[in-house]
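# Survey of secondary and tertiary structure
Now for the letters of each chain:
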Amino acid sequence: MSDHKLDSNMWVDRYGDIMYRYTLLRVKDVDSAEEIVQNTFMAAIQAQSNFAGLSTEKSWLFGILKHKIMDHFRGQKRLMSFNLSDNDDSTEPDYDTSGHWRIFPKDWGLDPEKAAENNELARHLQGCLDGLPEKFRQIFIMKEVDGLDSTQICNEFDIKPTNLWVILHRARNQLKQCLEAHWLSKQEDKKTKS
Amino acid sequence: MKMIGALLKQLKISCEDTSPLISESMDHRISLGKKLRIKIHLAICGACQCYKTQLDIIKTLARKLGAEDSDLKNEVSLRPELKYKIKHSLKTNS
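Residues numbered from 1 in each chain as written. Chains lettered and ligands numbered in written order. Predicted model: local features only at pLDDT ≥ 70, side-chain atom pairs only at ≥ 80, totals over all residues. Heavy atoms only, no water.

### Section: the overall build of chain A
When its secondary structure is counted, chain A shows eight helices and zero strands. When the elements of chain A are put in sequence order from the N terminus, they spell out α-α-α-α-α-α-α-α. Burial status across chain A gives 48% buried among its 194 residues. As presented, chain A carries roughly 10,100 Å² of accessible surface, and 49% of it is formed by carbon and sulfur atoms. (Helix = DSSP H or I, 4+ residues; strand = E, 2+ residues; numbered from the N terminus. Buried < 20%, exposed > 50% of the residue type's maximum accessible area, 1.4 Å probe, protein only. Areas by Shrake-Rupley, 256 points an atom, 1.4 Å probe, with all protein chains shown as cover.)

Below, the structure is given as structure tokens:
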């Protein structure tokens, strides 16, 4: 027995916005995000009778939403040819001839354990994510934002594990550079002004 | 300093060799040899210690962004017209 029930009259008011934000972070494009949320609600109303009450209404709807987002990524896969070297041209070499950093990584003055409380940095990270090459962005989202299994990601994108690590490494480097350019420089400005 | 750099590069424990390993170690279990190379390098390189901390911070924050009820973008909402349209469709299909 379970108390979990569906109340489709309340879905849009209760979950519309959070589902939309959740989708927008992952698909970036407003039109696609709207369409995915709309399709999710329509699929949910069709599947109402399958709801076994084992999960909450919210996690049941998010389950459908996650499938729809994955379907969207799969649909795009055919449109995006995958070439590691293409994406590579945009980034400057990070090291000098003796293998040293050209620009030394800076101390961000943050404890990784407490970084999650830093909303400003999180907002900047969200902005920086949108600047990644689309394939890198999707892969980083699946791995680091959604915590999906590496094997599953490799299967979805038809890539080898070694490719996955190279892509994640490059994505992290680009995010780090973006955060230093947009977030850290502001922090330093604040310090010099005060 | 240049000589140390050249030596580290020879031993494949320069910053250039180590930074991809640091990233890789976040994604899966790496071999003992690789672990050791990271350890040796981090013991002598402050820049890569910072780098590792930066990647850890990005990892923590990425997971936070992913939460179902992340309130970070709470200024973003579904368009009222679309909400109305979806509500209407839900009613006629329920």
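Moving on, there is more to tell.
### Structural notes on unusual backbone geometry
Residues and elements named next belong to chain A. Its identity as a non-glycine residue notwithstanding, K28 has a phi of 70°, on the positive side. With respect to the secondary-structure elements, K28 resides in the loop between α1 (11-27) and α2 (30-46). With a relative accessible area of 35%, K28 lands in the partly exposed category. Non-glycine residue D158 carries a positive phi angle of around 60°. For D158, a relative accessible area of 69% gives the class exposed.

### What to know about the state of the cysteines
All names here are of chain A. The full count for this structure, using the stated rule, is one disulfide over all chains. Across a sulfur-sulfur distance of 2.0 Å, C128 and C178 are joined as a disulfide pair. As the torsion about the S-S bond is roughly -80°, the C128-C178 disulfide counts as left-handed. On the criterion of sequence distance, the pair formed by C128 in helix α5 (residues 119-130) and C178 in helix α8 (residues 161-193) is long-range, its members being 50 residues apart. (Disulfide = S-S within 2.5 Å.)

### Considering the interface of chain A and chain B
At the interface, 65 residues of chain A touch 53 residues of chain B. Summed over both partners, the interface of chain A with chain B buries about 5,400 Å², with 63% contributed by carbon and sulfur atoms. Of all residues in chain A, the largest losses of buried area upon contact with chain B belong to A:R21, A:W165 and A:R172, amounting jointly to 12% of the total for that side. Linking chain A with chain B are seven salt bridges, by the criterion used here. Note that A:D13 is salt-bridged to B:K87, the shortest N-O span being 2.9 Å. Broken down by secondary-structure element, the contributors of at least two residues to the side of chain A that touches chain B are α1, α2, α3 (57-77), α5, α6 (134-145) and α8 of chain A. Class assignment of the residues belonging to the side of chain A that touches chain B gives a composition of 31 nonpolar, 17 polar and 17 charged. (Contact = heavy atoms within 4.5 Å. Buried area = accessible area lost by both parts, 1.4 Å probe. Salt bridge = Lys/Arg side-chain N within 4 Å of Asp/Glu carboxyl O. Nonpolar A, V, L, I, M, F, W, Y, C, P; charged D, E, K, R; others polar.)

### Some details on the nonpolar core
Counting 66 residues, the largest nonpolar core has A:W11, A:F41, A:L129 and A:F140 as its most contacted members. If we skip the residues at most four places from it in the chain, A:F140 touches A:L129, A:L132, A:V145, A:L168, A:A171, A:R172, A:L175, B:I58 and B:A62. The next biggest cluster of nonpolar side chains, apart from the first, holds 14 residues, and it includes B:L42, B:C45, B:A47 and B:L55. (Core = buried A, V, L, I, M, F, W, Y, C linked by side-chain atoms within 4.5 Å.)

### Some points on the side chain of A:E180
With respect to the helices and strands, the residue A:E180 is situated in helix α8. At 3.0 Å, the side chain of A:E180 forms a polar contact with the side chain of B:Q54. Setting aside chain neighbours within four positions, we find A:E180 in contact with A:P105, A:K106, A:W108, A:S185 and B:Q54. (Polar contact = N/O pair within 3.5 Å; in protein donor to acceptor, adjacent residues only side chain to side chain.)

### Comments concerning the confidence of the model for chain A
Detailed reading of the predicted coordinates is not advisable wherever pLDDT falls low. Predicted confidence across chain A gives a mean pLDDT of 87, with 90% of residues reaching 70 or more. By mean pLDDT, helix α4 (residues 84-88) of chain A is the weakest element of chain A at 53, and α2(A) is the strongest at 96. (pLDDT = per-residue confidence, 0-100.)

### Remarks on the packing of aromatic side chains
Within a pair of aromatic rings, the relevant descriptors are the distance that separates the centres and the angle that separates the planes. Residues and elements named next belong to chain A. According to the stated counting rule, one finds seven aromatic pairs over all chains in the structure shown. Here W11 and W60 contribute two aromatic rings whose centre-to-centre distance is 6.2 Å and whose plane-to-plane angle is 50°, an arrangement assigned as tilted. In this pair, W11 is assigned in helix α1 and W60 in helix α3, connecting sequence segments 49 residues apart. Each of the two residues, W11 as well as W60, counts as buried. Judged by centre distance (5.8 Å) and plane angle (70°), the rings of W108 and W183 are edge-to-face. Here W108 is found in the loop between α4 and α5, whereas its partner W183 is found in helix α8, with 75 residues between them in sequence. (Phe/Tyr/Trp six-rings, centres within 6.5 Å; stacked < 30°, edge-to-face > 60°.)

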